Amino acid sequence: MDMSHSTTWEKAGAPGILTIDLSALSRNYRRVSTTVAPARAAAVVKADAYGLGAQTVAPALYAEGCRDFFVAQYAEAVTLRPLLPRDAALYVLNGLQPGTEGDCAARDIIPVLNSLEQVVRWRTTAELLGRPLKALLQFDTGMSRLGMSTEEAEALAADPTLLSGIEILYVMSHLACADEAEDPHNAAQAEMMRRFSSSFPGIPVCFGNSAGAFLGESFRGALVRPGIALYGARPTDILERPMEPVVKIEARVIQTRTVPSGTAIGYSATHVTDSERQLATVALGYADGLPRTLSNRGALYFKGHRLPIVGRVSMDSTIIDISDLEPGTLTLGSLVEFIGEHQTLEDVAETAGTISWEILTGIGHRYFRQYR
Ligand SMILES: *Cc1c(COP(=O)(O)O)cnc(C)c1O
């Protein structure tokens, strides 16, 4: 084998290539921004920017004009804070964790206060430091996950001293059913948000996620929080033109074989050939984010050909049937597509019986990663 032509990723010994298109990411951000104007678009970069690398993705979005970034956990904010300029705001959706208050203030990380108890701890921190501290207030408008109840909101509104020393940048809430445009939950949540925000006059609202941003003005407020739309998946069916794909995943063929009729394939022999078949084993398994539910159901692609997955998806490899290809077109080292031009993120999610969010955040760490 002539090693002089081997590429960087082959030299790195990677089983495949994960390509992240930063210009498509930027165009997706621009599209959401244009759609929601005069509201502004933040970027949700939790879970390592949905698996795509928050340390690269967040600065790229900053360069595109984004100044508001949401993570889920405090530790994620700590990692990201030094990589973003001071004028970028970094918010923690999961709230103010006990023990992090002083550090959170010192690092200029802004908590989303989800309960009265968190408000009290933030107020105490502001008192101790002798300076005002920024925060978002989240209200539960009908998801029962995070945020203050109506009673807590009333208590806050009735006693403004509870918020002394706290500079509230936005009041926010999260939509439970935004991907279903017709769901009556949406209007109910918007109405409840209006009531909450009327108790805090003059404070802007931060409301919709990706799907909510496209639902219309009453689901936006002054700031929307898109995640998935930036990363290239269609957040809602009302979107006619899809977002631009950001992710491409290819993996290499590590062995090929011809097997006779009656051959058992993979763990538990869940597939048995009914004729002579050509097979290829690809260096891609569930540890790399290829869902095991695609066993005997999904496919990988090669030059536009659909190559069905036969047998169970293993941890590190998967077997595909390549009998439909002209002999010799797919060989050892060939790259097959998992996510890309012929099979979108949504296609994979649908066949696997899950959502594109889970596919993205499940992408493994063994790929050779390249940012374009
Ligand atoms: C994850 C999350 C978002 C982003 O949701 P997408 O559907 O990916 O746009 C927005 N807001 C909150 C509170 C979230 O948890």
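Heads up: the structure comes first, above all this text.
Please read these numbers as outputs of a predicted model, since none were measured by experiment. (Residues numbered from 1 in each chain as written. Predicted model: local features only at pLDDT ≥ 70, side-chain atom pairs only at ≥ 80, totals over all residues. Heavy atoms only, no water.)

**Student:** Give a description of the packing of aromatic side chains that names residues and reports values.
**Tutor:** Scanning the entire structure with this criterion turns up five aromatic pairs. Centroid distance phenylalanine 139 to phenylalanine 196: 4.5 Å. Interplanar angle 10°. Geometry classified as stacked. With phenylalanine 139 in the loop between β7 (133-138) and α8 (150-158) and phenylalanine 196 in helix α9 (residues 184-198), the pair connects residues that are 57 residues apart, well separated along the chain. Look at phenylalanine 139 and you get buried, because its relative accessible area is 1%. (Phe/Tyr/Trp six-rings, centres within 6.5 Å; stacked < 30°, edge-to-face > 60°. Helix = DSSP H or I, 4+ residues; strand = E, 2+ residues; numbered from the N terminus. Buried < 20%, exposed > 50% of the residue type's maximum accessible area, 1.4 Å probe, protein only.)

**Student:** Can you lay out the pattern of salt bridges for me, pointing to particular residues and giving the numbers?
**Tutor:** Tallying each qualifying case throughout the model produces 15 salt bridges. Arginine 86 is the salt-bridge partner of aspartate 108, the closest N and O atoms lying 3.9 Å from each other. You can see aspartate 108 sitting in the loop between α6 (101-106) and β6 (110-113) and its partner arginine 86 sitting in the loop between α5 (74-80) and β5 (89-92), a full 22 residues away along the chain. For arginine 121, the salt bridge is made with glutamate 117, and the minimal N-O distance between the two is 2.5 Å. One end of the pair is arginine 121 and the other is glutamate 117, both in helix α7 (residues 116-129) and four residues apart, which spans about a single turn. Its relative accessible area of 44% is what places glutamate 117 among the partly exposed residues. Three or more residues are tied together by salt bridges with common partners; here these are Glu101, Glu117 and Arg121. (Salt bridge = Lys/Arg side-chain N within 4 Å of Asp/Glu carboxyl O.)

**Student:** Summarise the site of the ligand; cite the residues concerned and give the values.
**Tutor:** Lining the immediate surroundings of the ligand are 13 residues, of which Lys46, Tyr50, Ser210, Gly227 and Ile228 lie closest. Tyrosine 50 places a side-chain nitrogen or oxygen 2.6 Å from an oxygen atom of the ligand. A distance of 3.3 Å separates a nitrogen atom of the ligand from a polar atom in the side chain of histidine 174. Across the complex, the protein chains shield 92% of the 390 Å² of accessible surface that the ligand would expose by itself. (Near = heavy atom within 4 Å. Polar contact = N/O pair within 3.5 Å; in protein donor to acceptor, adjacent residues only side chain to side chain. Areas by Shrake-Rupley, 256 points an atom, 1.4 Å probe, with all protein chains shown as cover.)

**Student:** Please set out the pairing of strand β4 (residues 68-71) residue by residue, giving values where relevant.
**Tutor:** Neither face of β4 is exposed, since Asp68 and Phe70 on one face and Phe69 and Val71 on the opposite face are all buried. Taken together, the two bridges between strand β3 (residues 43-44) and β4 define a ladder with parallel strand orientation. Each residue of the ladder has a partner; that of alanine 43, found in β4, is phenylalanine 69. In the sheet, β4 pairs with β5 via four bridges, with the strands oriented parallel. In the sheet register, phenylalanine 70 faces β5, and the bridge partner there is tyrosine 91. Assessed by its sense of winding, the connection that carries the chain from β4 through α5 to β5 is right-handed. (Pairing = 2+ DSSP bridges. Right-handed = clockwise from strand over helix to strand, strands pointing away.)

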